[in-house]
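The primary structure of each chain is shown beneath.
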Amino acid sequence: MASLNKVILIGRLGKTPEITTFENGNKKISVTMATSERYRDRDNNWVEQTDWHNIVVWGNLANDIADGRRNYSKGDLMYIEGKLRTRQYTDQQGIVRYVTEVNADKMMQLAPARPVSQSSYGQPYTAAPEPTPGYVPQNNFDTPDEGNDLPF
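Now for a quick tour of the structure. The residue numbering used here restarts from 1 in each chain and proceeds along that chain's sequence as written. It should be noted that, the model being predicted, local features are given only for residues of pLDDT at least 70 and side-chain atom pairs only at 80 or more, the latter also being counted only at that level, while totals for whole chains, interfaces and linings use all residues. Calculation of side-chain values draws on the structure's entire complement of heavy atoms; hydrogens and water are dropped beforehand.

1. Observations regarding the nonpolar core
So, point 1. Definition used in this section: a nonpolar core is a set of buried Ala, Val, Leu, Ile, Met, Phe, Trp, Tyr and Cys residues joined via side-chain atoms within 4.5 Å. To sort residues, take the accessible area from a 1.4 Å probe on protein chains only and compare it with the maximum for the residue type: under 20% means buried, over 50% means exposed, and anything in between is partly exposed. By size, the foremost hydrophobic cluster in this structure holds 17 residues, and its most contacted members are Met33, Ile55, Val57, Ile65, Met78, Ile80 and Met107.
So, point 2. Leaving out residues up to four positions away in the same chain, Met107 has contacts with Val57, Leu61, Ile65, Arg70, Tyr72, Met78, Tyr79 and Ile80. Note on contacts: a residue pair is in contact if any heavy atoms of the two residues lie within 4.5 Å.

Now the structure itself:
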């Protein structure tokens, strides 16, 4: 039986991509992405759930980003396609930690970050905070249209 490991995400970058260059010249790009879902609960109140994803890029795509041929910034709306990978490492206290990342092989900017002054609904835009352990992030992505209960 065959298996498939494929991830497709559409969301906003939580920070400007970080570039790591290794001694052999290979480059690695690391960035976080927030995906949000809105829905109405049983009491007809809007509920927003935001998930944070660690994105890693290697190879030609990483070179394009590092060399400025692709310019991505915090808040950009992105399409990312890749595979889930889980790796482990031992932290400074000797505790084995696990990290799940999306190894992206396709990235496309769908829309640049919105200006700080206005979002598409006329409300001030503030970028989502960086994820921290135990913190459930809230963001100021577009305010839902009260007549539409679609989560996007």
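2. Here's the deal with the packing of aromatic side chains
Two descriptors summarise a pair of aromatic rings, namely the distance from one centre to the other and the angle between the planes of the rings.
So, point 1. Within 6.5 Å between ring centres, the rings of Phe, Tyr and Trp (the latter by its six-membered ring) count as paired, and their orientation is classed by plane angle as stacked under 30 degrees, edge-to-face over 60, tilted in between. By the definition in use, this model includes one aromatic pair.
So, point 2. On the numbers, 5.9 Å between centres and 15 degrees between planes, the contact of Phe22 with Trp58 is stacked. Placement of Phe22 in the loop between β2 (18-21) and β3 (27-40) and of Trp58 in the loop between β4 (46-57) and α1 (59-66) is noted, with a sequence separation of 36 residues between them.
So, point 3. Overall, the relative accessible area of 43% leaves Trp58 in the partly exposed class. Helix and strand definitions follow DSSP, with helices as H or I runs of at least four residues and strands as E runs of at least two, each counted in order from the N terminus.

3. Overview of the pairing of β2
So, point 1. Here, any two strands with at least 2 DSSP bridges between them count as paired. As paired strands, β2 and β3 are joined by four bridges and run antiparallel to one another. Residue pairing across strands places Thr20 opposite Lys28, the latter belonging to β3.
So, point 2. If you look at the hairpin formed by β2 and β3, you'll find five residues sitting between the two strands, and Gly25 has a positive phi there, around 95 degrees.

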